[in-house]
Amino acid sequence: MTSPQPRVGVLRFPGACDDRDALWALAAFDAEAVFIWHTEQELPDLDAVVLPGGFSYGDYLRCGAIGRFAPAMEAVVDFANGGGLVLGICNGFQILCEAGLLPGVLRRNESLTFVCRDVPLVVERSDTPFTSRCEEGQTLTIPVKHGEGNWYVDDDGYAELDARRQVVLRYAEPVNGSRNDVAGVVNERGNVMGLMPHPEHAVDPLLGSADGALILSSLVDSARARFLTTV
Amino acid sequence: MKATVLVRPKNGILDPQGQAVESSLRQLGFSVDGARIGRVVDLEVDAADAATARAQVEQMCEQLLANPLIESYEIELVEPPA
């Protein structure tokens, strides 16, 4: 350990499948990563929370619609409302939208097919706690693997959040029919982000790309900065 | 009391499932102009009267059964014979 370790919680829902990858990657970037079981009503002392990818509770009804009512999610909503850092990846993004912490909703891909490939992403903002290690305009290569990544808000909603610069990542090419090719957004306050691509699957050149490391290590940096102000 | 909830994609919201079905129906030779796919939820609601049951089912729709950003819903109640 070279620097103080922030503690990052990774929520575990039944039906999650990327929770271990997220935990492993966060630990590799020198966070103390801990699992939080979905039935927990309170969170331990945490500097950030990650909602991993998967199919929480089978994703019945709509993706994330049931996951948002997990007991641990109520604690995450309080954590986020208190300014805590929350990153939702794929199913985590879907849950954050259903919970009302992020704008919009994720619908079935326009093509109706599951998309599983590396995609190029353009960084729209580098001044968020999740992208501080990126540069504005930089292109990242990170894989997606989803059937429901087609993000949607209505015209007025999009105009509002575009004016507030809440779009953080955009696909550099059409991927799933997502409105204005949005791949990742933050809330108005800037402490909650969701994205469909999987940074935890792109943290080493052996995996085809290490660009996901920029996002997860930005999060760990931000969590560490918060940790240091509270000790 | 039995209740049926019909959840539909709102007008103007892209419905790729409906589009796929529409194009399949055309390939089969049917003349259709538009297909939209929603969802049916049949419920058995424990309520004293229809008004209470409807109020409960409305809450279910708002909280869980439909996402108001993209879906509309309709509630049908079937009152048991007196």
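Residues numbered from 1 in each chain as written. Chains lettered and ligands numbered in written order. Predicted model: local features only at pLDDT ≥ 70, side-chain atom pairs only at ≥ 80, totals over all residues.

(A) Layout of the overall build of chain A. Broken down by element type, chain A carries 5 helices and 11 strands. For 231 residues, the compact-globule estimate of 2.2 N^0.38 gives 17 Å, and the C-alpha radius of gyration of chain A, at 16 Å, lies within 12% of that figure. Each principal axis of the C-alpha atoms in chain A carries an extent, and together these give about 45 × 35 × 35 Å. Taken over 231 residues, chain A has a buried fraction of 55%. The long-range share in chain A, meaning contacts at least 24 apart out of those at least 6 apart in sequence, stands at 74%. (Helix = DSSP H or I, 4+ residues; strand = E, 2+ residues; numbered from the N terminus. Rg over C-alpha atoms; globule rule 2.2 N^0.38 Å. Buried ≥ 20, exposed ≤ 12 C-beta atoms within 10 Å, placed from the backbone. Contact = placed C-beta atoms within 7 Å.)

(B) Representation of the sheet that holds strand β3 (residues 48-51) of chain A in the model. All names here are of chain A. The sheet built from 9 strands is open, its strands ordered β2-β1-β3-β4-β11-β10-β9-β6-β7 with mixed pairing. Among the strands making up the open sheet, the edge pair consists of β2 (32-37) and β7 (139-146). For this sheet the average axis-to-axis angle between neighbouring strands, irrespective of direction, equals 25°. Where strand β4 (residues 85-89) meets strand β11 (residues 192-195), 4 bridges bridge the pair, whose relative direction is parallel. Across the sheet, the residue bridging to leucine 87 is methionine 193, located in β11. (Pairing = 2+ DSSP bridges. Axes fitted to C-alpha atoms, helices over the stretch in contact; angles between N-to-C directions.)

(C) Representation of the pairing of strand β6 (residues 115-123) of chain A in the model. Residues and elements named next belong to chain A. Sheet topology note: the β6/β7 ladder contains 8 bridges and is antiparallel. Each residue of the ladder has a partner; that of cysteine 116, found in β7, is lysine 145. Here 3 bridges tie β6 to strand β9 (residues 167-171), and the two strands are oriented antiparallel to one another. The residue bridging leucine 121 from the neighbouring strand is tyrosine 171, located in β9.

(D) Looking closely at unusual backbone geometry. Residue and element names in this part refer to chain A. Unlike most non-glycine residues, leucine 61 shows phi in positive territory, near 75°. Inspection of the secondary structure assignment puts leucine 61 in the loop between β3 and α2 (71-81). By the C-beta count within 10 Å, which is 17 here, leucine 61 ends up partly exposed. The backbone of arginine 165 sits at a positive phi, close to 55°, despite the residue not being glycine. On the secondary structure map, arginine 165 appears in the loop between α4 (155-163) and β9. On the basis of neighbour counts, which here come to 13 C-beta atoms within 10 Å, the residue arginine 165 falls in the partly exposed class.

(E) Expanded view of the sheet that holds strand β1 (residues 2-9) of chain B. Residues and elements named next belong to chain B. Strand order in the open sheet formed by 3 strands is β2-β1-β3, with antiparallel pairing between adjacent strands. Edge positions in the sheet fall to β2 (39-44) and β3 (71-78), since each has one partner strand and no second. Adjacent strand axes in the sheet meet at a mean angle of 20° when their direction is disregarded. The pairing of β1 with β3 spans 8 bridges and is classified as antiparallel. Looking at the pairing, arginine 8 lines up with serine 72 of β3. With respect to the sheet, helix α2 (residues 50-65) is in contact with β1, β2 and β3, its orientation differing from that of β3 by roughly 155°.

(F) Layout of the interface of chain A and chain B. Contacts between the two partners involve 8 residues from chain A, matched on the other side by 8 residues from chain B. Of the residues assigned to the side of chain A that touches chain B, the class counts are 4 nonpolar, no polar and 4 charged. (Nonpolar A, V, L, I, M, F, W, Y, C, P; charged D, E, K, R; others polar.)

(G) View of α2(A). Residues and elements named next belong to chain A. Every buried residue of α2 is accounted for by Ala72, Met73, Ala75, Val76, Phe79 and Ala80. Seen along its axis, α2 keeps its buried residues to an arc of 155°; they face one direction. Exposed and oriented more than 90 degrees from the buried face of α2 are Pro71, Asp78 and Asn81. Where α2 is buried, its residues meet β1 (7-12), β2, β3, β4, α3 (91-98) and β11. (Arc of directions from axis to C-beta.)

(H) Region of the structure containing helix α1 (residues 19-28) of chain A. Those residues of α1(A) that fall on the buried side of the exposure criterion are Asp19(A), Asp21(A), Ala22(A), Leu23(A), Ala25(A) and Leu26(A). Looking at the packing, one finds that the buried side of α1(A) touches β1, β2, β3, β4 and α5 (212-230) of chain A.

(I) Expanded view of the confidence of the model for chain B. In this model, chain B carries a mean pLDDT of 93, and residues with pLDDT of at least 70 account for 99%. Complex prediction metrics read pTM 0.92 and ipTM 0.81. (pLDDT = per-residue confidence, 0-100.)

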